[in-house]
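# Reading the structure
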Amino acid sequence: QTLNDKIKKSRAKKLDYVLLATGPLLVPLVVWGARHGRQVKLRRKLIQEGVWEFNERMQMDGKNVIMVWNRSKYSGGAESYLTIEEAEGDKRGKKVD
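About the thresholds
Residues numbered from 1 in each chain as written. Predicted model: local features only at pLDDT ≥ 70, side-chain atom pairs only at ≥ 80, totals over all residues. Heavy atoms only, no water. Salt bridge = Lys/Arg side-chain N within 4 Å of Asp/Glu carboxyl O. Buried < 20%, exposed > 50% of the residue type's maximum accessible area, 1.4 Å probe, protein only. Helix = DSSP H or I, 4+ residues; strand = E, 2+ residues; numbered from the N terminus. Core = buried A, V, L, I, M, F, W, Y, C linked by side-chain atoms within 4.5 Å. Contact = heavy atoms within 4.5 Å. Phe/Tyr/Trp six-rings, centres within 6.5 Å; stacked < 30°, edge-to-face > 60°. Lys NZ or Arg CZ within 6 Å of the ring centre and 35° of its normal. pLDDT = per-residue confidence, 0-100.

Here we come to the pattern of salt bridges. Taken as a whole, this structure holds 4 salt bridges when the rule is applied. The residue Asp5 makes a salt bridge to Lys8 at a minimum N-O spacing of 3.8 Å. The class for Asp5 is partly exposed, based on a relative accessible area of 31%. The exposure class assigned to Lys8 is partly exposed, which follows from its relative accessible area of 46%. As a salt-bridge pair, Lys45 and Glu49 come within 3.8 Å of each other at their nearest N and O atoms. With Lys45 and Glu49 both in helix α3 (residues 27-60) and 4 residues apart, the pair spans about one turn of that helix. Looking at Lys45, the relative accessible area reads 35%, which means it is partly exposed.

Moving on to the nonpolar core. Counting 7 residues, the largest nonpolar core is built from Ile7, Leu46, Ile47, Val51, Phe54, Met58 and Met67. Ignoring sequence-local partners within four residues, the contact set of Leu46 consists of Leu3, Lys6 and Ile7.

For the rest of this paragraph, the subject is the packing of aromatic side chains. For the coordinates displayed, the defined rule picks out 0 aromatic pairs. Above the ring of Trp69, the side-chain terminus of Arg71 is found at 4.6 Å from the ring centroid.

The subject of this paragraph is the confidence of the model for the chain. Counting all residues, the mean pLDDT for the chain is 81, and 85% of those residues have values of 70 or more. Element-level pLDDT for the chain is lowest in helix α2 (residues 14-21), with a mean of 83, against a maximum mean of 90 in strand β1 (residues 65-70).

This is how it looks when you write it as structure tokens:
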């Protein structure tokens, strides 16, 4: 499975958009906030695992590259991105539990 396929589980569904649209009622915002928090946490875990798996695979193949997750400094994932860089020394990703 590709990293993109794994992350699909953590993306917003139709229900999330409905809950957000009914925000003026306030009660749905609580439910949306809980769902959104779980999705963000799952997405972060899946990306970290994908980076770790890629780095382990490249190390086993003897390739001198690593994947790095450049996270945004502020909230909002639009500025976060993954890059593949040349490895310097023994710089590898860490396994996340």
